[in-house]
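Okay, here's what each chain looks like letter by letter:
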Amino acid sequence: MTAMHASALATMGLDLLYVLSILALTAIGLGIVFGLLGVMNMAHGEFVMLGAYCVVFIQQRGLPTLMALPLAIVVCATVGWAVERYLIRTLYSRPFDTLLATWGLSIVMRELIKAAFGAGYQNVTLAAAQPLQLGTLAYPLYRLELMACVFLGLLALGIWFGRSQVGARIRAMTGNPVLARAVGVNTTRLASLSFVTGVTLAGLCGVMLAPLVRVEPYMGLDYLLNAFFVLIVGGFGSVAGLLAGTGIIGATQSLTANLLDQTAGYAAVLIVSILFLWIRPNGLIARR
């Protein structure tokens, strides 16, 4: 194998890892909200959009781009808390009602962003956009940093959820909320914390993706669909299910798009998701 062929294969492998990282990053927030609370948050993509516009807001004022991280945390956590407290809390155990309510919320959020920033595309500049030279391979440094952040974040989340007291209480709440309340678990507070965490992670996802995509009010729709497909295939309520769904959806989309085209990649993902809904509706790794 020549050095050129080895470099091309390495680039394809890194591109696949990048696609998987993006899928995992966009699905993790929805996995928390839908997998643990049973709330189909149709505004998940709009929280991704909100995080991306935090970067636009910061850069338009000439401030350091890193300031978008705390801004997105504050904005998404505040909006998420208000949404859970005044919209979602009365609709738990009513999935269709939460779907309609959050769908309406997504429309409101898009229109507010359009009113504030306009309907056009916004470009985010990235200071550290230079490629990293690895022998004969040159690959964007920011993509490598993003992949490392996703890996470390998933590892930390899995350890925290599996070993912490808060994680144990959340598992008790989702397994048997009545019994959890009977033994003194504040399920209302835990549900609020889970929802706020999920939408805040979606906002942080938007911050990380903003330098790589065109930021516009409708950008969240694709991320919502991809995240939902990942959860359908992998299963709800576990990090292992998230990883399994990410691997299958990411590999299907990437390989089909490379062999045919991007439209065929989307079609293949849709077919795989429909097959899983039919044959294995709980996903590969169902929550225990």
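Residues numbered from 1 in each chain as written. Predicted model: local features only at pLDDT ≥ 70, side-chain atom pairs only at ≥ 80, totals over all residues. Heavy atoms only, no water.

**Points about the overall build of the protein chain**
In step 1: Broken down by element type, the protein chain carries 11 helices and 2 strands.
In step 2: When the elements of the protein chain are put in sequence order from the N terminus, they spell out α-α-α-α-β-β-α-α-α-α-α-α-α.
In step 3: Since a compact globule built from 288 residues should have a radius of gyration of about 19 Å, the 19 Å found for the protein chain is in line with a globular shape.
In step 4: Taken across its 288 residues, the protein chain has 44% of its residues classed as buried.
In step 5: Residue pairs at least 24 apart in sequence account for 74% of intrachain contacts in the protein chain once pairs closer than 6 positions are excluded.
In step 6: In the structure as shown, the protein chain presents an accessible area of about 14,600 Å², 69% of it carried by carbon and sulfur atoms.
In step 7: Side chains of the protein chain carry 16 positive and 9 negative charges; the gap between the two charge centres is 15 Å. (Helix = DSSP H or I, 4+ residues; strand = E, 2+ residues; numbered from the N terminus. Rg over C-alpha atoms; globule rule 2.2 N^0.38 Å. Buried < 20%, exposed > 50% of the residue type's maximum accessible area, 1.4 Å probe, protein only. Contact = heavy atoms within 4.5 Å. Areas by Shrake-Rupley, 256 points an atom, 1.4 Å probe, with all protein chains shown as cover. Lys, Arg positive; Asp, Glu negative; His and termini not counted. Charge placed at Lys NZ, Arg CZ, Asp CG, Glu CD.)

**Quick notes on the nonpolar core**
In step 1: Counting residues in hydrophobic clusters, the biggest one holds 74 residues, and the most contacted among them are Phe47, Leu146, Phe195, Leu209, Val215, Leu242 and Ile249.
In step 2: Sort the elements by how many residues they give to this core and helix α1 (residues 3-37) lands first, with 14 residues.
In step 3: Each residue touching Phe47, except ones within four places of it in the same chain, is listed here: Asn41, Cys76, Val79, Gly80, Met109, Val199, Ala202 and Gly203. (Core = buried A, V, L, I, M, F, W, Y, C linked by side-chain atoms within 4.5 Å.)

**Notes on helix α3 (residues 68-88)**
In step 1: Here α3 has its buried residues at Ala68, Ala72, Cys76, Gly80, Val83, Glu84 and Ile88. Axial view of α3: buried residues confined to an arc of 105°, hence all on one face. Among the exposed residues of α3, those pointing more than 90 degrees away from its buried face are Val74 and Tyr86.
In step 2: Those residues of α3 hidden inside the fold are in contact with α2 (44-60), α4 (95-117) and α8 (187-209). (Arc of directions from axis to C-beta.)

**Topic: the UniProt feature "transmembrane region" (unreviewed entry) in the protein chain**
In step 1: Sequence positions flagged by UniProt for "transmembrane region" (unreviewed entry) are, in local numbering, residues 16-40, 69-88, 100-121, 141-161, 190-213, 225-251 and 263-279.
In step 2: Along residues 190-213 the backbone is 83% helical and 0% strand, and the end-to-end C-alpha distance reaches 34 Å.
In step 3: With 100% helix and 0% strand, residues 263-279 has end C-alpha atoms that lie 24 Å from one another. (UniProt positions renumbered as here; feature names shortened; annotations may be inferred.)

**Points about a nonpolar patch on the surface**
In step 1: A cluster of nonpolar side chains, namely Phe96, Leu100, Trp103 and Ile107, defines an oily patch on the protein surface of about 410 Å² accessible area.
In step 2: Mapped onto the elements, Phe96 comes out in helix α4. (Patch = residues over 30% accessible without salt bridge, like charges linked within 9 Å, V, L, I, M, F, W, Y side chains within 5 Å. Salt bridge = Lys/Arg side-chain N within 4 Å of Asp/Glu carboxyl O.)

**Let's talk about the packing of aromatic side chains**
In step 1: Per the counting criterion, the structure on display carries 3 aromatic pairs.
In step 2: Their ring planes at 45° and their centres at 4.9 Å tell us that Tyr53 and Phe117 sit as a pair that is tilted. Of the two residues, Tyr53 sits in helix α2 while Phe117 sits in helix α4, which places them 64 residues apart along the sequence.
In step 3: Relative accessible area serves as the criterion here: at 2%, Tyr53 is assigned to the buried category.
In step 4: The ring of Tyr18 is capped by Arg143, whose NZ or CZ atom sits 4.0 Å from the centre of that ring. (Phe/Tyr/Trp six-rings, centres within 6.5 Å; stacked < 30°, edge-to-face > 60°. Lys NZ or Arg CZ within 6 Å of the ring centre and 35° of its normal.)

**Focus: the pattern of salt bridges**
In step 1: Scanning the entire structure with this criterion turns up 4 salt bridges.
In step 2: We note a salt bridge from Glu46 to Arg110, for which the minimum N-O separation is 3.0 Å. In this pair, Glu46 is assigned in helix α2 and Arg110 in helix α4, connecting sequence segments 64 residues apart. For the pair Glu46 and Arg110, one class covers both residues: buried.
In step 3: One salt bridge connects Glu111 with Lys114, and the closest N-O pair in it is separated by 3.4 Å. Of the two residues, Glu111 and Lys114 are both situated in helix α4; the distance of 3 residues between them amounts to about one turn of the helix.

**Here's the deal with the side chain of Glu46**
In step 1: A relative accessible area of 1% places Glu46 in the buried class.
In step 2: Excluding residues that lie within four positions of it along the chain, Glu46 makes contacts with Ser106, Met109, Arg110, Gly220 and Leu221.

**Focus: α2**
In step 1: Here α2 is 17 residues long and its end C-alpha atoms lie 25 Å apart, about the 24 Å a rise of 1.5 Å per residue gives.
In step 2: In the stretch just after α2, Gly62 is the one whose phi turns positive, near 70°. (Expected span 1.5 Å × (residues − 1).)

**Description of the packing of α2 against α3**
In step 1: Relative orientation of the contacting elements α2 and α3 amounts to 140°, with a least axis distance of 9 Å. Taken together, the axes of α2 and α3 are oblique relative to one another. Our pair here, α2 against α3, has a crossing hand that is right-handed. Of the residues in α3, those touching α2 at Phe47, Leu50, Gly51, Cys54, Val55, Phe57 and Ile58 are Ala68, Leu71, Ala72, Val75, Cys76, Val79 and Gly80.
In step 2: The residue inventory of the contact of α2 with α3, partitioned by class, reads 12 nonpolar, 2 polar and no charged. (Axes fitted to C-alpha atoms, helices over the stretch in contact; angles between N-to-C directions. Parallel < 35°, antiparallel > 145°, perpendicular 65-115°, else oblique. Left-handed = near helix turned anticlockwise from the far one by under 90°. Nonpolar A, V, L, I, M, F, W, Y, C, P; charged D, E, K, R; others polar.)

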